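Examining the three-dimensional arrangement
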Amino acid sequence: MANCFNEEFETLPRPALEALQLTRLRNVLERVYANVPFYRTSLDAAGVRPADVTSLADLHRLPFTTKQDMRDSYPYGLFAAPLEEIVRIHASSGTTGKPTVVGYTRKDIENWSELMARSFVAAGAHRGDIIHNAYGYGLFTGGLGAHYGAERLGASVIPISGGNTRRQLMIMQDFGSTVLTCTPSYSLYMAEEARSEGVDFKKLKLRVGIFGAEPWSEAMRGEIEEKLNLDAIDIYGLSEIMGPGVAIECIQAKHGLHIWEDHFIPEIIDPVSGEPLAEGETGELVITTITKQGIPLIRYRTRDVTSLSYEPCVCGRTHARLARMSGRSDDMLIIRGVNVFPSQIESVLVGIEGVEPHYLLIVERKENLDTLEVQVEVDERLFSDEIKVLQGLARRIEKEIKELLGVTCSAKLVEPRTIQRSEGKATRVIDKRKL
Ligand code: DLL
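Residues numbered from 1 in each chain as written. Predicted model: local features only at pLDDT ≥ 70, side-chain atom pairs only at ≥ 80, totals over all residues. Heavy atoms only, no water.

**Quick look at the environment of valine 305**
What counts here: Where helices and strands are cited, they refer to DSSP runs of H or I of at least four residues and of E of at least two residues respectively, numbered from the N terminus. Only protein chains enter the accessibility calculation, which uses a 1.4 Å probe. A residue is then buried if its area is under 20% of the maximum for its type, exposed if over 50%, and partly exposed in between.
Position of valine 305 relative to the elements: it lies in strand 12 (residues 300-306). Its relative accessible area of 9% is what places valine 305 among the buried residues. Linking valine 305 and glycine 283, residues 22 residues apart in sequence, is a C-alpha distance of 5.3 Å.

Rendered as structure tokens:
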């Protein structure tokens, strides 16, 4: 039987889970219809009243909510609770314009803490663990989200936040951190600093790393597990829906991320037509929140690309699993008509000996043709090697990317540590076509 934080809810048989979802869905629809003018208008326009929803299949009749809708109602227009009941406000940065703002009632914070505590347990953490929380604290949901979950679990949390990597390493060593939470790219940066500081991860007590907030690949998992000497677990979430802990892999299977279905209803749609896709088909993830009070969202289009599986899992949890995110539908690069996710290129790079997982993709348009340059660091030993060896490596990268993705690129090998590191989400793409 699964080692769960809330066994009753995490292992609910599907008929009971679906009955609960329907009740909660109807409640949340009543709530938004009564309190949020945007939803009253959009539901009226779709010709659906909350009482018309009598089965989960009726979900498809409801209109989508988009990031643009959130922007249009900046900052508080989609809140379904009065500000007097909102105890926390977070926001996601957004590359352009205003941030997306979310508000939590006390009950929302309680639920989020429980779902993060469930996530920690699914990842193999427990009371007595020392959780080194290097997600950023602030408007970003990563730091405080993981923090409250760790406390709810009853573990000891170190609220170190991101940055000052040398101090992070010292504290990990001295405090005996057993669980690391940060972005996957930052974990690799830590490994790099550790090498130059003479810190050996094999001598640290770290057992599990819980990594998310940006896309990463299965190949990257292998690299992190080897360099940091721990089990690397994928965690997913987004501030609009809650923050970290919407879905997580279980350590037993490390195969797909359980989405907490007693709080969220997931769907996969075709990003172009908006039509629902079947189990196993890849498309855009759409989530309806069914317990949130502060800012419930109906059929929110996440733009994240994945698929859903209802296959039973060895861990005993009954909640559906999302495949590892392959990227965002709006980050997908279209290069000479070919769809390319940065994570696909990453998986090629990580598979090649001598190449470091630090890379940058530069897309340009020259004489009406798209060009892709893949800048990637090579390891120190190789960099001092003969030019012929380096050229051979560059040609190999170009060939493997061509074979896997069908796009022509030019590979540029750069010196170790020249690509900018990030303590939070890494920048992987510079698309000069949009400038
Ligand atoms: O990144 C919440 C979070 C914090 C998740 C810590 C996991 C750990 P936002 O800043 O709103 O929230 O960004 C959400 O990040 O729509 C995805 O595109 C991406 N993302 C998050 N987790 C993953 C993941 C937080 N495991 C956006 N794999 C989401 C791939 C991820 N992409």
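**Quick look at the domain arrangement of the protein**
Note the following rule: What fixes the domain bounds is an automatic or database domain assignment. The contact rule is simple, with two residues in contact once any of their heavy atoms fall within 4.5 Å. As used here, buried area is the combined drop in accessible area, with a 1.4 Å probe, of two parts when they are placed together. Each reported salt bridge corresponds to a side-chain nitrogen of Lys or Arg within 4 Å of a carboxyl oxygen of Asp or Glu. Within 3.5 Å is the distance limit for a polar contact, defined as a pair of N or O atoms, with the added protein rule that one can donate a hydrogen and the other accept it, and that residues adjacent in sequence qualify only through two side-chain atoms. By the convention adopted, Pro, Cys, Tyr, Trp, Phe, Met, Ile, Leu, Val and Ala count as nonpolar, Lys, Arg, Asp and Glu as charged, and the other residues, Gly among them, as polar.
Along its sequence, the protein is organised into domain 1 (1-330) and domain 2 (333-431). Contacts between the two partners involve 23 residues from domain 1, matched on the other side by 17 residues from domain 2. Taken over both partners, the interface formed by domain 1 and domain 2 buries close to 1,800 Å², and the fraction arising from carbon and sulfur atoms is 52%. At the boundary of domain 1 and domain 2, one finds three salt bridges. Inspection of the region where domain 1 meets domain 2 yields ten residue pairs in polar contact (both at pLDDT 80 or more). When contributions to the side of domain 1 that touches domain 2 are tallied by element, the ones reaching two or more residues are helix 8 (184-197), helix 9 (218-228) and strand 15 (327-328). Looking at which element gives the most residues to the side of domain 1 that touches domain 2, the answer is helix 8, with seven residues. Grouping the amino acids of the side of domain 1 that touches domain 2 by side-chain chemistry returns nine nonpolar, eight polar and six charged.

**Focus on the pattern of salt bridges**
Scanning all chains against the criterion turns up 33 salt bridges. Aspartate 370 is the salt-bridge partner of arginine 433, the closest N and O atoms lying 3.1 Å from each other. Residue arginine 433 is located in the segment after strand 21 (429-431), and its partner aspartate 370 is located in strand 19 (residues 369-378); the two are separated by 63 residues in the primary sequence. Arginine 433 gets classed as partly exposed once you look at its relative accessible area, which sits at 23%.

**Structural notes on the site of the ligand**
To keep things clear, this is the line we draw: The cutoff for a nearby residue is simple: one of its non-hydrogen atoms must lie within 4 Å of the molecule or strand.
Every one of the 21 residues lining the ligand counts as a neighbour, but Asp234, Ile235, Ser239, Asp304 and Lys425 are closest to it. Taking proline 215, its main chain carries an N or O atom lying 3.5 Å from a nitrogen atom of the ligand. Contact distances for the ligand include 2.7 Å between a nitrogen atom and a backbone N or O atom of isoleucine 235. Those elements that provide at least two residues to the shell around the ligand are helix 6 (141-153) and strand 7 (231-238). Of the residues forming the shell around the ligand, the biggest block, five residues, is contributed by strand 7.

**Remarks on the sheet that holds strand 18 (residues 355-366)**
Each strand in a sheet pairs with another by means of backbone hydrogen bonds, the pair being arranged parallel or else antiparallel. Threshold: Any two strands with at least two DSSP-identified bridges between them are counted as paired. Structural elements are reduced to axes, namely lines fitted to C-alpha atoms, with helices fitted over the stretch in contact, and the angle between N-to-C directions of any two is expressed from 0 to 180 degrees.
If you walk across this open sheet you meet the four strands as 20-19-18-21, and the pairing is mixed. The sheet terminates laterally at strand 20 (410-414) and strand 21, the two strands that pair on one side only. Each strand axis lies, on average, 20° off the axis of its neighbour in the sheet, ignoring direction. Pairing of strand 19 with strand 20 involves five bridges; the strand directions are parallel. Residue pairing in the sheet places valine 376 in a bridge with leucine 413 of strand 20. In the packing of helix 12 (residues 387-405) onto the sheet, contacts are made with strand 18, strand 19 and strand 20, and the angle to strand 20 comes to roughly 140°.

**Remarks on the packing of helix 5 (residues 106-122) against helix 6**
Formally: Reported orientations rely on four angle classes, namely roughly parallel under 35 degrees, roughly antiparallel over 145, roughly perpendicular from 65 to 115, and oblique for the rest.
Where helix 5 meets helix 6, the axes come as close as 7 Å, and the angle between the chain directions of the two elements is 75°. For the element pair helix 5 / helix 6, the angle class is roughly perpendicular. Residues Ile109, Glu110, Trp112, Ser113, Glu114, Met116, Ala117, Phe120 and Val121 of helix 5 form the contact with helix 6, whose participating residues are Thr141, Gly145, Ala146, Tyr148, Gly149, Ala150, Arg152 and Leu153. Residues of the contact of helix 5 with helix 6, tallied by class, amount to ten nonpolar, four polar and three charged.

**Some thoughts on the packing of aromatic side chains**
The line we're drawing: Ring geometry is summarised as follows: Phe, Tyr and Trp rings, the Trp one being its six-membered ring, pair when their centres sit within 6.5 Å, and such pairs are stacked at plane angles under 30 degrees, edge-to-face over 60 and tilted between the two. Charge-over-ring placement is defined geometrically: NZ (Lys) or CZ (Arg) within 6 Å of the ring centre, and within 35 degrees of the ring normal.
Applying the stated criterion to the full structure yields five aromatic pairs. The side chain of arginine 301 reaches across the aromatic face of phenylalanine 64, ending 5.3 Å from its centre.

**Considering the side chain of glutamine 21**
Position of glutamine 21 relative to the elements: it lies in helix 2 (residues 14-35). The class of glutamine 21 is buried, set by a relative accessible area of 3%. Sequence-distant contacts of glutamine 21, defined by excluding residues within four places in its chain, comprise Leu56, Glu261, Phe264, Ile265 and Ile290.

**A look at the state of the cysteines**
Which entries qualify depends on this criterion: The rule for a disulfide is simple: a pair of cysteine sulfur atoms within 2.5 Å.
Under the defined criterion, the tally for this structure stands at zero disulfides. No disulfide involves cysteine 313; its sulfur sits 3.7 Å from the nearest other cysteine sulfur, which is in cysteine 315. Owing to a relative accessible area of 10%, cysteine 313 belongs among the buried residues under this scheme.

**Some thoughts on the nonpolar core**
Side chains of a nonpolar character, in soluble globular proteins, are inclined to be buried together. So the rule is basically this: The nonpolar core is taken to be a set of buried Ala, Val, Leu, Ile, Met, Phe, Trp, Tyr and Cys residues, with the residues joined through side-chain atoms within 4.5 Å.
Phe120, Tyr236, Phe264 and Ile287 are the most contacted members of the largest nonpolar core, which totals 68 residues. In terms of residues, this core owes the most to one element, helix 5, which gives eight residues. Contact partners of tyrosine 236, with chain neighbours within four places excluded, come to Gly243, Pro244, Gly245, Val246, Ala247, Leu257, Leu285, Ile287, Thr302, Asp304, Leu322 and Met325. Counting residues in hydrophobic clusters, the runner-up holds 26 residues, among them Leu372, Leu393, Ile397 and Leu405.

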